[in-house]
Amino acid sequence: MDQPVGYFDLNIEEVLEHWPTSFAIRELIANALDEQAITGTADPVISKDGDAWLIRDFGRGVRYQHLTQNENPEKRRHDDVIGQFGMGLKDALAVFHRRGVEVMISSPYGDLSTSLRAKEGFPDIRTLHAGVTAPARPDEPGTMISLRGVTDDEVAAAQRYFLRYSGDQLLEQTRYGQVLARPDGQPANLYVKGLLVAQEENFLFSYNITSLTKSLRQALNRERSNVGRGAYTDRVQAILKQCTSAEVARPLAGDLENYRAGGMHDELAWTEIKLHACRVLASHEQVVFVTAGQLAFGGPQIEYAQEEGYRLVLVPDDLAGKINKLQDLEGRPMLDLDAYREVWNDSFSFQFVDPADLTPAESSVYGLTELIIDAAGVEPARIGVDEILISETMRLSDSGRTIYGLYDPAERRIVIRRDRLAAPADYCGDLLHELTHAASGYTDGTLDFEDALTEQLGLIMAELIKAGRTG
């Protein structure tokens, strides 16, 4: 190595005692990645040559002037760069010196190495200096840094700080950052512009924040690690609210089902995120949002929804109350169980059964129709009934319960569900019930209808008693 032509005082004595060597290597990798992002040159290369680890970029090349501590406005303006404070290289050199790592920095503008020397004008104070020599590779672009005295594990640990080398799977890109798949069996990673700054044990996803808030920028300490959640919560929420893909919405919505056991991930503690995930999911899939109670006691509409290919998504009661007021990303109403029932009823059509197609047993029960009408003491045409029909299918009630029969005044008909022909008592009861609706004009659930039905049953019973005495 040539004799230095000058020494640049780094003005460092003993600092950063708690920094491991991997932190220092991290700073060099960050600088190389930033240079690649700014210049659009080839990706940096991290390799091993004998006992030395090499970090090389293909950018503009480092100069001794870069050793001054100065905020870098160029990096502040660039969206993709990691560093900006002008401290990384000096900090790294200080740590390498403390840890006994030999460093050589080579670029077309000169080669740099470090040593302790007396501070100019103050011989009793020794500080770290960079020795500057003529370039050994003046025709090769970029910067080459050689490190001797670092281990393979320390280099691997430094690389794990970067999204570039993590292998984390991208799920969705937004204007504020990226949603990433959480590593299997590992905490979720929180990156800022591709650099790991925190980990979360109970996040569903990992995140890379590329658009920083003022509070997050201020929270990026010198170590750029262990950044508190309060600094990035707003940005994580903003990223999730920008997501429109099923790859993100499905796991979020699926995680809602863990609320009863207290096992939801922390993103689902934010109501806006829960609602947005439901909106996105409804945009991609046929879903009906149900509560635990509805799932347990929802009756036939639960079965109908599943038979029609709808996915049932379990949500907490408080969330269910908000869903029916929302639309999905395409502007379509979102379906809770009540909304599904309305849609199902609107599209409903009877499947009428020709009496000739009834089984002998069913025909026998259906043949009781005239006897029931006579017992009720009504004339069907006078009370608005022209037909009494049998159907394979039936609408759902307003509460979602099964309906066995109905009176349709607009069509002047009574319709009974076919399976009620399996027992005479069921068919007789249903037909008398609907005849009372037609005769009285009252609807279910009213005292007037109960009175009318009670009167009808009393009349029938009185006739039966009378017939028994005179027979």
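Note: the structure precedes this text.
Residues numbered from 1 in each chain as written. Predicted model: local features only at pLDDT ≥ 70, side-chain atom pairs only at ≥ 80, totals over all residues. Heavy atoms only, no water.

### Let's talk about the packing of helix α15 (residues 369-376) against helix α16 (residues 424-440)
This is how it is decided: Angular values range over 0 to 180 degrees, each being the angle between N-to-C directions of two axes fitted as lines to C-alpha atoms, with helices fitted over their stretch in contact. Helix and strand assignments follow DSSP, with helices taken as H or I runs no shorter than four residues and strands as E runs no shorter than two, numbered in order from the N terminus. Orientation labels follow simple angle bins: below 35 degrees gives roughly parallel, above 145 gives roughly antiparallel, 65 to 115 gives roughly perpendicular, and whatever is left gives oblique. Handedness of a helix crossing follows the sense of rotation of the near helix relative to the far helix, less than a right angle counterclockwise being left-handed and clockwise being right-handed. Contacts are assigned to residue pairs with any non-hydrogen atoms lying within 4.5 Å of each other.
Between α15 and α16, the shortest axis-to-axis distance is 10 Å and the interhelical angle comes to 45°. In terms of orientation, α15 lies oblique with respect to α16. When you trace α15 past α16, the crossing you get is right-handed. Seen from α15, the contacting residues are T369, I372, I373 and A376; seen from α16, they are Y427, C428, L431, L432 and L435.

### Points about the state of the cysteines
So the rule is basically this: For this text, the term disulfide refers to a pair of cysteine sulfurs within 2.5 Å.
Inspection of every chain in the model, using the stated rule, returns zero disulfides. Here C243 is not cross-linked by a disulfide; its sulfur's nearest cysteine counterpart is in C278, at 14 Å.

### Some thoughts on the pairing of strand β16 (residues 405-408)
The condition that has to hold: Strand pairing follows a simple DSSP-based rule, namely that at least 2 bridges must link the two strands.
As paired elements, β16 and strand β17 (residues 413-417) share four bridges and run antiparallel to each other. Pairing of Y407 across the sheet is with I414, part of β17. In this structure, the hairpin formed by β16 and β17 is closed by a connection of four residues, where R412 is found at a positive phi of approximately 50°.

### Overview of a negative patch on the surface
The criterion, for reference: Only residues above 30% relative accessible area that lack a salt bridge enter a patch, with like-charged residues linked at up to 9 Å and the nonpolar side chains Val, Leu, Ile, Met, Phe, Trp and Tyr linked at up to 5 Å. Exposure was quantified through the Shrake-Rupley algorithm and a 1.4 Å probe, taking into account, for residues, occlusion by the shown protein chains and nothing else. Counted as salt bridges are all cases of a side-chain nitrogen of Lys or Arg within 4 Å of a carboxyl oxygen of Asp or Glu. In this tally Asp and Glu are treated as negative and Lys and Arg as positive; neither His nor the chain ends contributes. Every charge is mapped to an atom, namely NZ of Lys, CZ of Arg, CG of Asp or CD of Glu. Burial status follows relative accessibility: with a 1.4 Å probe on protein chains alone, a residue under 20% of its type maximum counts as buried, one over 50% as exposed, and anything between as partly exposed.
Together, D448, E450, D451 and E455 make up a region of like negative charge exposed at the surface. Along the chain, E455 falls in helix α17 (residues 447-470). Under the relative-accessibility criterion, E455 is labelled exposed at 54%.

### Side note on the sheet that holds β16
Reading across the sheet, the three strands line up as β15-β17-β16 and stay open at both edges, with mixed pairing between neighbours. At either margin of the open sheet sits one strand with a lone partner, and together these are β15 (387-391) and β16. Between one strand and the next, the sheet's axes are offset by a mean angle of 20°, whatever the strand orientation. Pairing of β15 with β17, which is carried by five bridges, proceeds in the parallel orientation. Paired with I390 across the strands is I416, a residue of β17. α16 rests against β15, β16 and β17 of the sheet, and its axis sits at about 155° to β17.

### Quick look at the sheet that holds strand β1 (residues 6-9)
The seven strands are arranged β1-β6-β5-β4-β7-β3-β2 in an open sheet whose pairing can be described as antiparallel. The open sheet has two edge strands with one neighbour each: β1 and β2 (45-49). Going from strand to strand, the sheet's axes swing by 30° on average, the running direction of each strand aside. Strand direction decides the pairing type here: β2 and strand β3 (residues 52-56), joined by five bridges, are antiparallel. By the bridge assignment for β3, S47 is matched with L54.

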